[in-house]
Amino acid sequence: MTNKFRNKPLVYTVIFALLISVCFTLLAGCRPGPEIPGTSDSGKTTPSPITSSPDTTTSYKEKDTTTADATTPDQTTPGSSSVTDTQPATPEDTTTAKTPETTVLPAPIASSGTFKMDTGTTLGYRVDWSLDKFEDGLAYIDVKVILTTYELYVSGRKEGGIVSFGEESIRFSTDKISYSGKKPTEIILTLVQVVVPAEGDIAVTYIEGKWFFNGAYLKEKIGDEYIYMEYDWLSAGGYVCVQKPQ
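K.L.:
Go over the layout of surface pockets with me, naming the residues and quoting the values.
P.N.:
Taken as a whole, the largest pocket encloses approximately 360 Å³ of empty space. Sorting the residues of the lining of the largest pocket by element identifies strand 4 (152-154), strand 9 (202-222) and strand 10 (225-243) as the ones contributing at least two each. When residues of the lining of the largest pocket are assigned to their parent elements, the largest contribution, seven residues, is made by strand 9. Across the lining of the largest pocket, the residue classes break down as ten nonpolar, three polar and five charged. Considered as a void within the structure, the second largest pocket measures approximately 160 Å³ in volume. Lining the second largest pocket are Thr103, Val104, Leu105, Pro106, Pro197, Glu199, Ile202, Ala203 and Val204. Broken down by element, the residue count for the lining of the second largest pocket peaks at three residues, all from strand 9.

K.L.:
Give a detailed account of the nonpolar core, specifying residues and quantitative values.
P.N.:
When a protein is soluble and globular, its nonpolar side chains tend to lie buried together. Grouped together as the largest cluster of nonpolar side chains are 33 residues, with contacts concentrated most on Ile141, Leu147, Leu189, Trp211 and Val242. For isoleucine 141, the residues in contact, after removing those within four places along its chain, are Trp129, Ser130, Leu131, Asp132, Val192, Gln193, Val194, Val196, Ile207, Val240 and Val242.

K.L.:
Describe the sheet that holds strand 1 (residues 112-117), listing the residues and the values that go with them.
P.N.:
The four strands lie next to each other as 1-2-3-8, forming an open sheet whose pairing is antiparallel. Where the open sheet ends on each side, the last strands, each with one partner, are strand 1 and strand 8 (185-197). Between one strand axis and the next, the sheet turns through 20° on average, direction left out of account. Direction of pairing for strand 1 relative to strand 2 (residues 124-135): antiparallel, over a ladder of six bridges. Residue pairing for strand 2: phenylalanine 115 is matched across the bridge by valine 127.

K.L.:
I'd like a rundown of unusual backbone geometry, residues and numbers included.
P.N.:
One non-glycine residue, aspartate 136, adopts positive backbone phi at about 55°. Along the chain, aspartate 136 falls in the loop between strand 2 and strand 3 (138-149). Given a relative accessible area of 75%, aspartate 136 falls into the exposed group. In this structure, glutamate 159 takes a positive phi of about 50° despite not being glycine. Residue placement: glutamate 159 occurs in strand 5 (residues 157-165). Glutamate 159 gets classed as partly exposed once you look at its relative accessible area, which sits at 46%.

Definitions and limits used
Residues numbered from 1 in each chain as written. Predicted model: local features only at pLDDT ≥ 70, side-chain atom pairs only at ≥ 80, totals over all residues. Heavy atoms only, no water. 1 Å grid on protein atoms, 1.4 Å probe; cavity = no way out; pocket = protein on both sides within 12 Å on 5 of 7 lines; lining within 4 Å. Points joined across faces, edges and corners; volume = space filled by probe spheres on them. Helix = DSSP H or I, 4+ residues; strand = E, 2+ residues; numbered from the N terminus. Nonpolar A, V, L, I, M, F, W, Y, C, P; charged D, E, K, R; others polar. Core = buried A, V, L, I, M, F, W, Y, C linked by side-chain atoms within 4.5 Å. Buried < 20%, exposed > 50% of the residue type's maximum accessible area, 1.4 Å probe, protein only. Contact = heavy atoms within 4.5 Å. Pairing = 2+ DSSP bridges. Axes fitted to C-alpha atoms, helices over the stretch in contact; angles between N-to-C directions.

Here's what the structure looks like:
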């Protein structure tokens, strides 16, 4: 018998030994391992007793002492509370107190006054007024229309003047004017009295005096040339506020 066939039983023996070794290894891996403390067969964790060795490990009390600074809550004095008592914010009062309404007058309160017209010449025109009396809720006001002039010649004006106060008016007429003096003079065109109703102790109205001039007045003289200013109406007026005398 040759060596080729002589060694076959040995090969088979080695293979069989390897197979048996593998089987034992697999069986060893399927065995349950040692039970871990704190666990049961159902997989639930069960509490395990805490053991410590005074020789090699730190006791439980020693651990608690070393970590007290980081974990111990702030100490409070007896009778005090760590909870802050926050008072609810008081709602802001946004309502504003109503102030009594005040009436704004169109002019200062006075007992007399004057309104003037700027004619652009030496011819002067103004309206003077003054409070005569205040009774029964009515103000009696005297109104005077005055013309100031140098040399002047004007024919008569029938109802050529108007004094208005509020929604009422009084017409007046003027006579012929003939003045040749070298000094200015005042000519009273009319003097009337108007009656104005009051609210409480104050009466307010708008007074105006107009006069139909319809002529020209010397403005200036340049050499031998005379320059005149032409007018239709002369007018002056304004608001009047009077108060009942105390």
